[in-house]
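Report on the structure
Residues per chain are reported as follows:
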Amino acid sequence: MTWQGAGQGLSAAAHAARRAWTEPGRERDLAVQALKAALAAWVAWAVAGWWLQAPVAFVAPWVAVVLVESTVYRSVAHGLQQLAAIAAGTVAATAVGLVLHSTVAAMAVVLPLAMLLGQWRRLGSQGICAATGALFVLTNGAVSVATSAARLGEALFGAAVGITVNALIRPPLYLRDTEAVLRDATEEAHDILTDVADGLAADRWDAEEAGGWHDRALRLHRQVEQARSAVEWSRESLRGNLRRRRTGAVQPLPGRNYDDALVVLDYAAVHTAGVTRTVLEAAAEDRAAPRPHSELARRYAQFLCQTARALRLYSHSRFADTCEDELREAVAALRDTLAELRRDLVRSTTDDPDEVATYGALLAQAHRLAGQLLASGT
């Protein structure tokens, strides 16, 4: 790593630390979760190792620290899975170890079984703990029922500490992040459509610029998938979350507004990619066919501008309860423009089938792009 790269890394870390200190956001959430995990491990060790002098006290902080998860629901679900996996591995290793009296032989028998058990889908991502639990039994001195029982008790105590700390001390909520992701995706769709409209209105059919528009449209689809993941994350973060009940300012469980927004954004991403692909194909240098007439292109650009504005208004109406009247007006104008685009195609006097085909493809994407907005804005 160069000195310049190291300096940039330190600068980014300092900026993240300042943001965590000065304003709510992802950086602060991560810092709080890290501190909570450290606290859970410290409490588990202080009780099990320092106060009770438990024989296998290290198990308690190990389980506690990994169960301070990103959501309370996930802490509970993973805690149950982890305890089940550890118990299965511990019981199997204890039984085989007591029979064979050889660590090497017991490992050869138990570990394949534990690894197979770890693939059981009900244990989810915690399945590997079956093999870990077995290894703790077989590599930590003489195998005994008492030690294995103590190990299970420490695991149970550590899980209780981790889940309790995560549930009671600023349990994580992600509604703010979800709305930000949805708004960002909507703004990007708005910007892409506006840029394409500006290019068509100015009669710019440059292949390189059109390629840039299409790449952005393809990335927009990934943003929509991130938004969908964020919505699911928000719903999960509210399940069993005491902070939601303590603070009256927190919004209710994300529901229809988020689902509707995702549907509209999904349509916008898919059909924006279709529009930009058609423009890119029409702008290709090796394409001999003419593009649509400049007047038709300008009318289509007007439609794209109206669609971009309607998308932005739709976002405001869903998340800020504003712009309802403006959205209805924008949807009505969008419907009128679509009808005008159809009439333009009928009135077209060109004899070139390729020009008609290009405009027809753009018109088909126009109908698909506006379809969900027309249904949602009325």
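These remarks concern the structure in this document.

Calculation notes
- Here the residue numbers are simple positions, counted from 1 along each chain's written sequence.
- Residue-level local features of this predicted model are given only where pLDDT is at least 70; pairs of side-chain atoms are given and counted only at 80 or more, and the full residue set underlies all totals for whole chains, interfaces and linings.
- No hydrogens and no water enter the side-chain calculation; it runs on all heavy atoms of the structure.
- The helix and strand labels rest on DSSP assignments: H or I over at least four residues marks a helix, E over at least two residues marks a strand, and numbering proceeds from the N terminus.
- Accessible area is worked out with a 1.4 Å probe on protein chains only. A residue is then buried under 20% of its type maximum, exposed over 50%, and partly exposed in between.
- Only heavy atoms matter for contacts: two residues are in contact if any of them lie within 4.5 Å across the pair.
- Accessible surface is estimated by sampling points in the Shrake-Rupley manner with a 1.4 Å probe; for residues, cover comes only from the protein chains shown.
- The criterion is simple. A nonpolar core is a set of buried Ala, Val, Leu, Ile, Met, Phe, Trp, Tyr and Cys residues joined through side-chain atoms within 4.5 Å.
- Angles here are taken between N-to-C directions and fall from 0 to 180 degrees, while the axes themselves are lines fitted to C-alpha atoms, restricted in helices to the stretch in contact.
- Note on terminology: angles under 35 degrees are roughly parallel, angles over 145 are roughly antiparallel, angles of 65 to 115 are roughly perpendicular, and the others are oblique.
- Handedness of a crossing is defined here by the sense of rotation of the near helix relative to the far one, left-handed for an anticlockwise turn of less than a right angle and right-handed for a clockwise turn.
- Residues were grouped as follows: Ala, Val, Leu, Ile, Met, Phe, Trp, Tyr, Cys and Pro as nonpolar; Asp, Glu, Lys and Arg as charged; and all remaining residues, including Gly, as polar.
- Ring pairs are drawn from Phe, Tyr and Trp, using the six-membered ring of Trp, whenever the two centres fall within 6.5 Å, and their geometry is named by plane angle: stacked under 30 degrees, edge-to-face over 60, tilted for the rest.

So, about the overall build of the chain. Helix and strand counts for the chain stand at 14 helices and zero strands. Scanning the chain from its N terminus toward the C terminus, one meets helices and strands in the order α-α-α-α-α-α-α-α-α-α-α-α-α-α. The proportion of buried residues among the 378 residues of the chain is 44%. For the chain, restricting intrachain contacts to residue pairs at least 6 apart in sequence, the fraction spanning at least 24 positions comes to 79%. Of the roughly 19,200 Å² of accessible surface on the chain, a fraction of 59% belongs to carbon and sulfur atoms.

Attention now goes to the environment of Arg 228. Looking at the secondary structure, you find Arg 228 in helix α9 (residues 207–238). On a C-alpha basis, the gap between Arg 228 and Thr 178 in space is 8.7 Å, while along the polypeptide they are 50 residues apart. Discounting chain neighbours no more than four positions away, the residues touching Arg 228 are Leu 262 and Asp 266.

Core analysis: the largest hydrophobic core is formed by 46 residues, its most contacted members being Leu 182, Leu 200, Val 279, Tyr 300, Phe 303 and Leu 304. Mapped by element, the contributors of at least two residues to this core are α8 (175–201), α9, α11 (256–283), α12 (294–319), α13 (324–347) and α14 (353–376). Excluding residues within four positions of it along the chain, Leu 182 makes contact with Ala 227, Val 231, Tyr 258, Leu 262, Leu 265 and Phe 319. If you look at the next biggest cluster of nonpolar residues, it comprises 13 residues, including Val 59, Ile 86, Leu 123 and Ala 131.

Phi at Gln 53 is positive, roughly 55°, even though this residue is not glycine. In this structure, Gln 53 sits in the loop between α2 (26–51) and α3 (59–66). Accessibility expressed as a relative area gives 58% for Gln 53, which makes it exposed. With a phi angle near 55°, His 101 is a residue other than glycine that sits in the positive phi range. Counting through the fold element by element, His 101 comes out in the loop between α4 (72–100) and α5 (103–117). On the basis of relative accessibility, which here comes to 68%, the residue His 101 falls in the exposed class.

A word on the packing of α5 against helix α6 (residues 128–138). As a packed pair, α5 and α6 sit with axes 8 Å apart at the nearest point and diverge in direction by 165°. By the angle class used here, α5 and α6 are roughly antiparallel. The element α5 and its partner α6 pack so that their crossing is right-handed. Residues Thr 103, Ala 106, Met 107, Val 110, Leu 111, Ala 114, Met 115 and Leu 117 of α5 pack against Ile 128, Ala 130, Ala 131, Ala 134, Leu 135 and Leu 138 of α6. A breakdown of the residues in the contact of α5 with α6 according to their chemical character gives 13 nonpolar, one polar and no charged.

Here we take up the packing of aromatic side chains. Per the stated rule, a full pass over the model turns up three aromatic pairs. Ring plane angle 50° and centroid distance 5.6 Å describe the contact between Tyr 300 and Phe 303, whose orientation is recorded as tilted. Of this pair, Tyr 300 and Phe 303 both sit in helix α12, three residues apart, which is roughly one turn of the helix. You can call Tyr 300 buried: its relative accessible area is 1%.

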